[in-house]
Amino acid sequence: MRIYVCIKQVPDSEAIIKIVGDTEYNREVVYVVNPYDEYGVEEAVRLKENNGDGEVIAVCVGGEGAVSALRTVMAMGVDRSVLVKTGEQFVGSDLTAQALAWVIEQEGPADIIFAGKQSMDSEGMQTPYRLGAQIGLPVVSNVVNFSLEKTTALVQREMGGGLRESLTVKTPCIIGANKGLNEPRYPKMHAILKAKKKEIKVLDIAELTIQDNSGVQLKGLHPAEDRSEARILEGTAEEAVSSLVDILAEQRII
Amino acid sequence: MSKIGVFIEIVDQALGKSVPGVVGAACRGGDVVGFVLDDLADKDRELLEEYGVTEVVVVGGREVALSELPVSAGLALADAVKASGVKALLGVSSSTGNDLLTRAALSLQAPLVLDCTGIDFNTNCVRKSHFSGKATATLQLTAAPFVCGIRPNSFDPVPEKVACTITKFEYAGPIDDAITVTGVEKSGSGRKDLAEADIIITGGRPIGSSENFKILEECADTIDAAIGASRAAVDAGYAPHSMQVGLTGKIVSPKLYIGCGLSGSVQHFAGMKSSKLIVGINTDKDAPIFSKSDYGIIGDLFEVVPLLTRQLQKRR
Ligand SMILES: Cc1cc2nc3c(=O)[nH]c(=O)nc-3n(C[C@H](O)[C@H](O)[C@H](O)COP(=O)(O)OP(=O)(O)OC[C@H]3O[C@@H](n4cnc5c(N)ncnc54)[C@H](O)[C@@H]3O)c2cc1C
Ligand SMILES: Nc1ncnc2c1ncn2[C@@H]1O[C@H](COP(=O)(O)O)[C@@H](O)[C@H]1O
């Protein structure tokens, strides 16, 4: 069984993002594995463990530093990795998907591919679908439950209104993971050490003959407005609540 | 005048509550054409007429329910959009909305941006969050038609009563059953949907148990609010993940957000910072939530929330 996991390296959620020029940000922040991708990794590793054999391959399109994200997921049980190196800060989901497809073509056909439902930096929410279109596999994203029965994946998606949708998907397929799918493991020391010896193939995106066909251009990045200090409603609890209710009524919220 | 398409999402057999807001966004760009899968109930058509939708295309499959076949539904939606000549296709950036809009965009080879909070039909630029709300990006869509998902509550509905004509589009393409919907079930509380609510009351770790959420529920009932939870509360097992707000939960932008016993972590704010009004209730006057909210009450949620419930009940 050949299982792929798509891994993006993104700024840590605690990182302070400063906009540089029109469309760039301060690169010197702390980076982590995109949180949703960890759910994909955990599911892939469990699938391999339950299956008794197989290989889990991580694929990442990113800067040189993304090697550390790949070490992290290899410590979680991924067997080996491929990094498609790029100097760009934002590689659109179209180019990314083409690069991922290129690697999968090289490394051999997938039995199943896990990705996250969304990356935390560009929040595109579409790479798994684009990858599916590239390599002709069905895609389900936002997945909170996954099991495999022979050649069919049984999955559940979270929908609005507290609803859950159950679907069957023919494999091979691509799964976009959401939180709730599993509880990603914390790698133990020996796994971290072992991961240092695992293989990372590196290739340059320039070697791939691909071009961006997305029709979407990043024109500008702007810092979000910060919210200011709260006005503390004074007095006893009763009085504070009363002030709040007055304010809400005044603003026609209630 | 150009035409703008809107995917009409049906949630639990009724018009999705965020659809009118998306129609409000679309009408800035031209006459609005709705696209709905399989069938449109009369009551939903009447609602659309309240908001200026003059035409609805019912996209159906021959002998199959497209809403159960996401792959074919995406292809069918794309074909109907192509046939209609709309300049753009908009829809709610919900789980179902994003899924179908993406499938349709890929089939149309159209530019696609999801979770937009702003749209300008003159420049074909959209705005969306980057870095979990720490930045906003302006993106330009350089081909037509283009496809955009709109974050719920980003646009106000614009009431404009019209009459709506219904046309049918029969999908003649391949039926792809690689993905089949086998069922839909209610999970969690079955309460009001977080993404669509005007008011949200959220409980953090100190809520202490799933039973204690009742305190929030009683309050929510008085003002028709939805209930959220912090990740700490979800991970402790007090609430299901479907109630989680934040970086790895739901992104919400209600008119009012009341956070009860929330420290105010960046990861929580990533999910609710675009709320219009934020109120924090916390025992610790130095809690970070107070540095990023509009109003604060320093106090014990177990005392403050029941008081709030009582005062709200009195007002009604
Ligand atoms: C990758 C990643 C993703 C994450 N995603 C999310 C996410 O999506 N959503 C999310 O919420 N978190 C998320 N977190 C977790 C986040 O960092 C915080 O740990 C979490 O938000 C804290 O939850 P809390 O505010 O409920 O609890 P705490 O941090 O424990 O804060 C509780 C607060 O309540 C106050 N308090 C105590 N007792 C009372 C009382 N009786 N009445 C009133 N106030 C009281 C305390 O003073 C304190 O400020 C994420 C973290 C990471 C690393
Ligand atoms: N540069 C990348 N390298 C590898 N995987 C990626 C990359 N970008 C996105 N993905 C995968 O696609 C998912 C959705 O990303 P996005 O479409 O950017 O929101 C992520 O969670 C990853 O699993």
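Rules used throughout
- Residues numbered from 1 in each chain as written.
- Chains lettered and ligands numbered in written order.
- Predicted model: local features only at pLDDT ≥ 70, side-chain atom pairs only at ≥ 80, totals over all residues.
- Heavy atoms only, no water.
- Helix = DSSP H or I, 4+ residues; strand = E, 2+ residues; numbered from the N terminus.
- Rg over C-alpha atoms; globule rule 2.2 N^0.38 Å.
- Buried < 20%, exposed > 50% of the residue type's maximum accessible area, 1.4 Å probe, protein only.
- Contact = heavy atoms within 4.5 Å.
- Buried area = accessible area lost by both parts, 1.4 Å probe.
- Salt bridge = Lys/Arg side-chain N within 4 Å of Asp/Glu carboxyl O.
- UniProt positions renumbered as here; feature names shortened; annotations may be inferred.
- Near = heavy atom within 4 Å.
- Polar contact = N/O pair within 3.5 Å; in protein donor to acceptor, adjacent residues only side chain to side chain.
- Areas by Shrake-Rupley, 256 points an atom, 1.4 Å probe, with all protein chains shown as cover.
- Nonpolar A, V, L, I, M, F, W, Y, C, P; charged D, E, K, R; others polar.

A.B. asks: Whenever I open this one, the overall build of chain B confuses me. Can you help?
C.D. replies: From N to C terminus, chain B includes eight helices and 17 strands. Relative to the compact-globule value of 20 Å for 316 residues, chain B shows a C-alpha radius of gyration of 21 Å, a close match. With respect to the three principal axes, the spread of C-alpha positions in chain B is 60 × 40 × 40 Å. Per-residue burial over chain B gives 59% buried out of 316 residues. Long-range pairs, those at least 24 residues apart, make up 66% of the contacts in chain B between residues at least 6 apart in sequence.

A.B. asks: Could you clarify how one ought to interpret the interface of chain B and chain A in this entry?
C.D. replies: In many reports, interface size means the accessible area that the parts give up when they come together. With 84 residues of chain B in contact, the opposing surface of chain A contributes 75 residues. Overall, the association of chain B and chain A removes approximately 7,000 Å² of surface from exposure, summing both partners, and the carbon and sulfur fraction of that is 57%. The three residues of chain B that bury the most area against chain A are Phe131, Lys134 and Tyr295 of chain B, which together make up 10% of that side's buried surface. There are six salt bridges connecting chain B and chain A.

A.B. asks: What exactly am I supposed to notice about the pattern of salt bridges here?
C.D. replies: Working definition: two side chains of opposite charge can pair if their charged atoms are close together. Counting across every chain of the model gives 29 salt bridges over all chains. Arginine 46 of chain A is paired through a salt bridge with glutamate 42 of chain A; the nearest N and O atoms lie 2.7 Å apart. Of this pair, arginine 46 of chain A and glutamate 42 of chain A both sit in helix α1 (residues 35–51), separated by four residues, roughly a single helical turn. Residue aspartate 99 of chain B is joined to arginine 103 of chain B by a salt bridge in which the shortest nitrogen-to-oxygen separation is 3.0 Å. Of this pair, aspartate 99 of chain B and arginine 103 of chain B both sit in helix α4 (residues 95–108), separated by four residues, roughly a single helical turn. Take aspartate 99 of chain B: its relative accessible area is 5%, and that puts it in the buried class. Residue arginine 103 of chain B is classed as buried on the basis of its relative accessible area of 12%. In this structure, a network of salt bridges that share partners links the residues Glu42, Arg46, Glu49 and Arg185 of chain A.

A.B. asks: Sorry if this is basic, but what is going on with the UniProt feature "domain: Electron transfer flavoprotein alpha/beta-subunit N-terminal" (unreviewed entry) in chain B here?
C.D. replies: The sites that UniProt annotates as "domain: Electron transfer flavoprotein alpha/beta-subunit N-terminal" (unreviewed entry) are residues 4–186 of chain B. Across residues 4–186 of chain B, helical content stands at 25% and strand content at 39%; the span's end C-alpha atoms are separated by 33 Å.

A.B. asks: Is there a simple way to explain the site of ligand 2 in this structure?
C.D. replies: Residues and elements named next belong to chain A. Surrounding ligand 2, one finds 21 residues, the nearest of these being Asp37, Val61, Ser119, Met125 and Thr127. Within the contact set of ligand 2, an oxygen atom lies 2.8 Å away from a backbone nitrogen or oxygen of glycine 116. Residue threonine 127 places a side-chain N or O atom 2.7 Å away from an oxygen atom belonging to ligand 2. Relative to its unbound accessible area of 480 Å², ligand 2 is 98% covered by the protein chains. If you list the elements that add at least two residues to the shell around ligand 2, you get β6 (55–62), α3 (93–107), β8 (112–116) and α4 (127–135). Broken down by element, the shell around ligand 2 gets its largest block of residues, three residues, from β6. Its residues placed into classes, the shell around ligand 2 shows nine nonpolar, nine polar and three charged.

A.B. asks: Honestly, the site of ligand 1 in this entry has me stumped. Any pointers?
C.D. replies: Taken together, 28 residues surround ligand 1, and among them Arg205, Ser230, Gln244, Gln267 and His268 of chain B come closest. Near ligand 1, the surrounding residues are drawn from chains A and B. A distance of 3.3 Å separates a nitrogen atom of ligand 1 from a polar backbone atom of threonine 283 of chain B. Measuring from a nitrogen atom of ligand 1, one finds a side-chain N or O atom of aspartate 300 of chain B at 2.9 Å. Of all elements in the fold, only α6 (231–235), α7 (266–272), β16 (277–282) and α8 (301–315) of chain B reach the threshold of two or more residues within the shell around ligand 1. Residue composition of the shell around ligand 1, grouped by class: 10 nonpolar, 14 polar and four charged.

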